[in-house]
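Summary of structural features
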Amino acid sequence: QVQLVESGGGLVQPGESLTLTCATSRSISNFNVMGWYRQAPGKERESVARVTHGGRTSYADSVRGRFAISRDNAENTIILRMNSLKPWDTALYYCHALEVGSSGKLNDYWGPGTPVPVSP
């Protein structure tokens, strides 16, 4: 069973920066796509940033230019650097990994989430 564990969350003030890290129990080279999602209170979970096995990145419009996702293959981690945080970035942030099996079956893996409250 694949395990994903997020770290780095915590209370920050608007305008500050924070870096989230997701560690995996399996080599990240096994995953076709890895990324970060978030869920704010009373809202649905949404995609924040993704990175493919080949290194292609994509971002939600609300974070493009402020957030940056990267892969560290040696450490089997993905990192989300968040700058210029806004109060509406407040959410529980989840790490996600997508694996396409040899038979074509899609396997989704999620971390338990790490909270990022942005408040004065």
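Here we take up the state of the cysteines. Going through the model one piece at a time under the given rule, you end up with 1 disulfide. The disulfide that involves Cys22 links it to Cys95, with 2.0 Å between the sulfurs. A torsion of -80° about the S-S bond marks the disulfide between Cys22 and Cys95 as left-handed. Residue Cys22 is found in strand 2 (residues 18–24), and its partner Cys95 is found in strand 8 (residues 91–100); the two are separated by 73 residues along the sequence. You'll find Cys22 and Cys95 in the same group, each marked buried.

What follows concerns the pattern of salt bridges. Within this structure, the stated rule accounts for 5 salt bridges. A salt bridge links Glu99 to Arg26, with the nearest nitrogen and oxygen atoms 2.7 Å apart. Here Glu99, found in strand 8, pairs with Arg26, found in the loop between strand 2 and strand 3 (33–39); they are 73 residues apart in sequence, far enough to count as distant. What makes Glu99 buried here is its relative accessible area of 12%. Judged by relative accessible area, Arg26 falls into the partly exposed class, the value being 29%. Among the salt bridges present, the one from Arg38 reaches Glu46, with a minimum N-O distance of 2.7 Å. For Arg38, a relative accessible area of 4% corresponds to the buried category. For Glu46, a relative accessible area of 36% translates into the label partly exposed. Through salt bridges that share partners, Arg38, Glu46, Arg66 and Asp89 make up one connected network.

About the thresholds
Residues numbered from 1 in each chain as written. Predicted model: local features only at pLDDT ≥ 70, side-chain atom pairs only at ≥ 80, totals over all residues. Heavy atoms only, no water. Disulfide = S-S within 2.5 Å. Helix = DSSP H or I, 4+ residues; strand = E, 2+ residues; numbered from the N terminus. Buried < 20%, exposed > 50% of the residue type's maximum accessible area, 1.4 Å probe, protein only. Salt bridge = Lys/Arg side-chain N within 4 Å of Asp/Glu carboxyl O.

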